[in-house]
Amino acid sequence: MSAAPESDIPRARRVGPQGVRVRVARARAQAEKSVARLVAGELVARPSLVLGLPTGGTPAGVYRELVRLHREEHLSFGGASTFNVDEYLGLRADHPASFRAEMERALFDHVDVRAERVHFPDVDGGVETAHESAARYESAIAAAGGIDLLLLGVGRNGHVGFNEPGSPRDSRTRLVELHADTRRDAVRAFGGLARVPTHAITMGIATLCDARRIVVLAFGAAKRDVVQRMLLDPIDAATPVTFVRAHSNVEVWLDEEAAAGLSEPP
Ligand code: PGA
């Protein structure tokens, strides 16, 4: 596998009171390629890498590029484990709008990851079994040695995973009720608001922040406001994604549209 040309990697600048490293790519595709290279580099250095992965529109291009690297440059996921950040409650695993189905279409069906090393919270049992399922997910992450590299998107209301506004810093994997905005954002995938699940199981803020390395992605003008809040607002449950600023190894990757509300570097 070839390394990314240095010139393609946007320079990191420090933003906000914690001096979070932020990289602004000229175009989204450039960020997607660079982040895929970053993941690939970690996989090559540590084939048994434990990945934490999000769904949604944001990471789609990174997954496409990882598939390309697997096909064309022999990048292997054969030793890796994956833990997805969240899943809707009560959907069958093969429901086309489940996050498992989305991940299979985007990545897992096209690379050599082993089925038994792909993990999602178990949501089949609905509310009755959600608490045990959440506890089992925490144990499974611990048993795998913890998450080495966590990719994250961010919701327009500041959520991360399904940690909606109000989610505490010390939250762990748990049953959550989805915010009305979040359910509205999912209408298209389910073909109507009434069909969008009301609950989900999500890794908690503390679960996310236990990862050894975190890469947050945000692209497009629709994320401009939340990017500002993520980096500049007080670290607080009102905007759960602000909690990642306290992490010692976090980097934020943006395109110019998402970064447009941040002041220019000096
Ligand atoms: P998106 O969702 O990637 O589809 O914008 C992000 C999120 O809501 O966490």
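Here, every reference points to the structure presented above.
The residue count restarts for each chain, going from 1 along the sequence in the order it is written. The model is predicted, so local features are restricted to residues of pLDDT at least 70 and side-chain atom pairs to those at 80 or more, both for listing and for counting; the totals for chains, interfaces and linings are taken over all residues. Only heavy atoms go into the side-chain values, all of them from the structure, while hydrogens and water stay out.

Colleague: Would you mind showing me how to read helix H1 (residues 28-45) here?
Modeller: A turn of α-helix holds 3.6 residues, and therefore any two residues three or four places apart point the same way. In this model H1 runs 26 Å from its N-terminal to its C-terminal C-alpha over 18 residues, within 8% of the 26 Å that 1.5 Å per residue would give. Residue contacts are counted whenever heavy atoms from the two residues lie within 4.5 Å of one another. Segments assigned H or I by DSSP are reported as helices when at least four residues long, segments assigned E as strands when at least two residues long, and all are numbered from the N terminus. Contacts from the buried residues of H1 go to strand S2 (20-25), strand S3 (50-53), helix H2 (60-73), strand S7 (149-152), strand S10 (213-218) and strand S11 (250-255). Here a helix's expected span is defined as the number of its residues, less one, multiplied by 1.5 Å.

Colleague: Teacher, can you tell me more about the packing of aromatic side chains here?
Modeller: We describe a pair of aromatic rings using the distance from one ring centre to the other and the angle between the two ring planes. Pairs were defined over the aromatic rings of Phe, Tyr and Trp, the Trp ring being its six-membered one, requiring ring centres within 6.5 Å. Orientation was assigned from the angle between planes: stacked under 30 degrees, edge-to-face over 60, tilted for the rest. One pass over the structure, following the stated rule, counts 6 aromatic pairs. Each ring, one from Tyr88 and one from Phe162, has its centre 5.5 Å from the other, and the planes form 45°; the classification is tilted. Remark: Phe162 occurs in the loop between S7 and strand S8 (174-177) and Tyr88 occurs in strand S5 (residues 86-88); sequence separation between them is 74 residues. In terms of burial, Tyr88 and Phe162 fall into one category: buried. Throughout this description, buried means an accessible area under 20% of the type-specific maximum (1.4 Å probe, protein chains only), exposed means over 50%, and partly exposed covers the range between.

Colleague: Could you clarify how one ought to interpret the site of the ligand in this entry?
Modeller: Close contacts around the ligand come from Gly56, Gly57, Thr58, Val154, Gly155, His159 and Lys223, and that covers them all. Contact between the ligand and Gly57: an oxygen atom at 2.9 Å from a main-chain N or O atom of the residue. Each polar contact in these results corresponds to two N or O atoms within 3.5 Å; when the atoms are within protein, one needs to be able to donate a hydrogen and the other to accept it, and residues that are neighboring in sequence are counted only if both atoms are side-chain atoms. At 2.5 Å from an oxygen atom of the ligand is found a side-chain nitrogen or oxygen belonging to Thr58. Taking 280 Å² as the accessible area of the ligand by itself, protein coverage stands at 69%. Each residue gets one of three labels, nonpolar for Ala, Val, Leu, Ile, Met, Phe, Trp, Tyr, Cys and Pro, charged for Asp, Glu, Lys and Arg, and polar for the others, Gly among them. Considered class by class, the residues forming the shell around the ligand number 1 nonpolar, 5 polar and 1 charged. Whether a residue is near a molecule or strand is decided by its heavy atoms; if any one of them lies within 4 Å of it, the residue is near. The protein chains shown are the only cover counted for residues, whose accessible areas, like all others here, come from Shrake-Rupley with a 1.4 Å probe.

Colleague: Looking at this structure, I do not really get the nonpolar core. What am I missing?
Modeller: For soluble globular proteins, the rule of thumb is that nonpolar side chains tend to be buried together. Only buried Ala, Val, Leu, Ile, Met, Phe, Trp, Tyr and Cys residues count toward a nonpolar core, and they belong to the same one when joined by side-chain atoms within 4.5 Å. Judged by nonpolar contacts, the single largest core of 43 residues is most densely connected at Leu53, Leu66, Phe77, Tyr88, Leu107, Phe108 and Val215. Only H1, S3, H2, helix H3 (99-106), S7 and S10 provide two or more residues apiece to this core. No other element matches H1, which puts 7 residues into this core. Among residues more than four places away in sequence, those in contact with Phe77 are Leu43, Leu51, Leu66, Leu107, Val111, Asp112 and Val113. Val15, Val22, Leu208 and Val226 belong to the second-largest nonpolar core, a separate cluster that totals 33 residues.

Colleague: It is not clear to me how unusual backbone geometry should be interpreted in this structure. Could you clarify?
Modeller: Most peptide bonds take the trans configuration, and most residues that are not glycine carry a negative phi. One non-glycine residue with positive phi stands out, namely His74, at about 60°. Topologically, His74 is positioned in the loop between H2 and strand S4 (81-84). According to the relative accessible area criterion, His74 is exposed, its value standing at 68%.

Any functional reading would require information beyond the geometric quantities listed.
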